[in-house]
Structures are given as structure tokens and as C-alpha cells.
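Given next are the chains, with one letter for each unit.
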Amino acid sequence: MKNGRIAGTGSYVPETIWKNEDLEKMVETSDAWIRERTGIGARHIAGEETVAQMAVKAARRALENAGICSTELDLILVGTSSSESIFPNTACLVQDEIGAFRAACLDVSAACTGFLAVYELGQLYIRSGKAKNVLLIGADALSRLVDWNDRSTCVLFGDGAGAVLLGEGDSLQSIHLTAKGDPQVLCIPQPPSNSPFDILPPQQPFLQMNGKEVYKFAVSAFCSDVTEVCSQAGIQPQQLDWLIPHQANLRIIESALHKLKLPSQRCLTGIQRLGNTSAASIPIVLDEANTKGLLHPGDWIALSAFGAGLTTGACVLRW
Ligand code: UT7
């Protein structure tokens, strides 16, 4: 069975860095509170860059790393919740910039689980024989969608993009996605329309989150997902060489590691420097590890994500 092989990775974060100390001047918060409750010390902010522009930069790096030309791409899948246009989708904007004229292009909306969602879909295309080279991207700029007067959410997020070139091969051992539909616990309403027919009550188009509920859900889903995909792959979680989780809160990660009996040295994180970059968080950290030469052939690697929806996803692959 050919489930696809990660042939290249790339990532991009905007140059502007916003430290916790900078946020202290904007809302009533402190570096100590943010570090203690989340592990975050800084985040990158997109400013004038669009999600598509960040995605293009990550995509070019992944293609270069894989040694693949954009014209060889059969499919571009982008996991994002923050593209600047409803249509065209971000995947089409990436295609236009990189000249991937043969590729079909789709965006997938699964919030912070976006990268796992495009991974699952991409590997199905490869397995079916319909695609040989699939570009998977997770890209988000939630800094544009948070309420900068709400200290409970604006301190959490950062912007960035990560990309993976999925080629032919067989490195994926197991993958699964779940959803537990919940309209309220974590949402971003659409901006109000000016339609005379629209009688829906207007809502503030900012990210709204019940942090405690998401926290509880995240720890439990993270552990059960990793246990499930490890079991499907025929290994114990303790046999993992690397775990790359969604980077939402260091305390969520530490608590899950404790329950999974996995030492923290085998977990890769970037939240301290990057904040929560939503769908980009896993592919950015994966690319950083690949670039540093941490991943060796045969390593067992698990990816695990959770986010609004509520959605979750996890997989086990061999590098
Ligand atoms: O990728 C998307 C998924 N999202 C997540 O996974 C987020 C999951 N949730 C969390 O990470 C945590 O719930 C938060 C980091 C969002 C919040 O941490 P918490 O330990 O649950 O804090 P809390 O909401 O219970 O707030 C504790 C106190 C409150 O004050 P009182 O009521 O105790 O006086 C808040 O008003 O901390 C206050 N607070 C802050 N203080 C300083 C909330 N935000 C801040 C802040 N700075 N930025």
C-alpha cells in the first residue's frame, strides 16, 4: 500500500516579532502570566503579508527541499481558517504564484486540525493513484481575527505557514480524524453583511473561546488520538522517537506527555517563540526539525492536532 512519503518540508514566519512585553503595553497582562499559563514568550505577526503570501514562501521551500518542480504538482491542499478572500481559495492563489498549472487546488477548513486534515486527504489521492505529488500547506494569520481588546485570546496566537511535499512512497502508518460538533466553544463569526434580507443577529467577527472547555477537551483528545494511531501502527506511544503536537498551550502538551508516559525530550515544540499558529503549527515545527537534521530514516513520528469544530486529528509515520 502506498500512503505517500514526506519528500520535502518548508516553512515561513513573518519578520515582525511581538514579545509578551509588547503586549503588556496593549492589554492588561504580564509576561509572567502568559509564560506561566501558556508557555508563550513571543509570536510573529503578519502585518502587511497575506496568508497566501506566507503559504507561497513555505511552499517554495518545501518544493526546493524535495527537489520537485511546481509543474509536477497534481494537487495543492491548504488547511486554513484565515484566508483574506472567501474565494478564490488560498490554494489557487498559491498555484498562480508558483506556476503549478497542472494542480487541482482546494482549501480545507478544520481550524487548528487543518494540516492533519489535508494530510489525510492528500494521502488518499496518492493511495488511489490519482496523484503523485501533493503539496500540503497549513497557513494562518489569526492575529487578524482575534479581538485585540480581549486579553484572554489576543496573547495566544501568532502567524505563519508550513508546507510538506507528499510524494510516492509508504511512510504513513496510520492516520485518523475526529469531530465533536460544537457551535460555541471556539468560533469566529462572519462579519455582518449589508444584505436587506439578512435578519440574523449581528455578531462581533472576532475569535471567541471558552478556554477552559477547550483545554479539557484538548488534553483528553490528544491522549486518546495518539494512543489510537499508535495502536493502529502497531506500536506503544512510548516507542515514538518524536511527537509533534499542535502548539496551543505548553501545559496541554506537558499534561498529555505525562499521561502518555513520553519524556519531554521526544516532543518537539515551537510555541515558546511562535505562539499558536493554528493550522501552521505542526508543519512549521516539522520543518524546523527536518532542517536541523533531527529526524532520521526509520524514526517513528506522531503528529497530533485539535481545534475549533471541535476537530482532532493524529497520525503516525516513519521518517
Ligand atoms: O488552538 C486552539 C485551541 N485553543 C486552546 O487549546 C486553548 C486552550 N485553553 C487554554 O490554553 C487556557 O484555558 C488559557 C491559556 C486560554 C487560559 O488559561 P486558564 O488557566 O484557563 O486561565 P483562565 O481563563 O481561568 O483565567 C484565569 C485568570 C482570570 O482572572 P480571574 O477571573 O481569576 O480574576 C482571567 O481574567 O486569568 C485572567 N486572565 C489573564 N490575566 C493576565 C486571562 N487572560 C489573561 C491575560 N493576562 N492575558
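Because the structure is a prediction, the values reported are computed rather than measured.

**Thoughts on unusual backbone geometry**
Phase 1: Geometrically, the link from Phe 87 to Pro 88 is a cis peptide bond, its omega value of 0 degrees lying close to zero.
Phase 2: Along the polypeptide, Pro 88 turns up in the loop between β4 (75-79) and α4 (90-98).
Phase 3: In this chain, Gly 309 is followed by Leu 310 through a cis amide linkage whose omega measures 0 degrees.
Phase 4: With respect to the element layout, Leu 310 can be found in the loop between β12 (300-307) and β13 (311-318).
Phase 5: A positive phi angle, close to 55 degrees, is found at Lys 261, a residue other than glycine.
Phase 6: Tracing the backbone through its elements, the reader meets Lys 261 in the loop between α8 (250-260) and α9 (271-274).
Phase 7: Although it is not a glycine, Ser 278 adopts a positive phi angle of roughly 55 degrees.
Phase 8: Along the chain, Ser 278 turns up in the loop between α9 and α10 (281-291).
Phase 9: Under the relative-accessibility criterion, Ser 278 is labelled buried at 1%.

**Observations concerning the packing of helix α3 (residues 51-66) against α4**
Phase 1: Remark: α3 packs on α4, axes separated minimally by 9 Å, with the N-to-C direction vectors making an angle of 55 degrees. If you check the angle between α3 and α4, you find them oblique. Of the two possible hands of crossing, α3 and α4 adopt the one that is right-handed. Where α3 approaches α4, its residues Val 51, Ala 52, Ala 55, Val 56, Ala 59, Arg 60 and Leu 63 are matched on the opposing element by Thr 90, Leu 93, Val 94, Glu 97 and Ile 98.
Phase 2: Of the residues belonging to the contact of α3 with α4, the class tally is nine nonpolar, one polar and two charged.

Rules of the game
- In this numbering scheme, every chain counts its residues from 1 along its sequence in written order.
- Where local features are concerned, this predicted model is filtered to residues with pLDDT of at least 70; where side-chain atom pairs are given and counted, the filter is 80 or more; whole-chain, interface and lining totals use all residues.
- Side-chain measures were taken over the full set of non-hydrogen atoms in the model, leaving aside hydrogen atoms and water.
- In DSSP terms, a helix is any run of H or I states spanning at least four residues, a strand is any run of E spanning at least two, and both are numbered starting from the N terminus.
- Three exposure classes are used, based on accessible area relative to the maximum for each residue type with a 1.4 Å probe and protein chains only: buried under 20%, partly exposed in between, and exposed over 50%.
- Lines fitted to C-alpha atoms define the axes, with helix axes restricted to the stretch in contact, and inter-axis angles between N-to-C directions lie between 0 and 180 degrees.
- The scheme is simple: roughly parallel for angles under 35 degrees, roughly antiparallel for over 145, roughly perpendicular for 65 to 115, oblique for anything else.
- Throughout, a crossing is termed right-handed when the near helix is turned clockwise from the far one, and left-handed when it is turned anticlockwise from it by less than a right angle.
- The contact criterion used throughout is that any non-hydrogen atoms of two residues lie within 4.5 Å.
- Residues are grouped as follows: Ala, Val, Leu, Ile, Met, Phe, Trp, Tyr, Cys and Pro are nonpolar; Asp, Glu, Lys and Arg are charged; all remaining types, including Gly, are polar.

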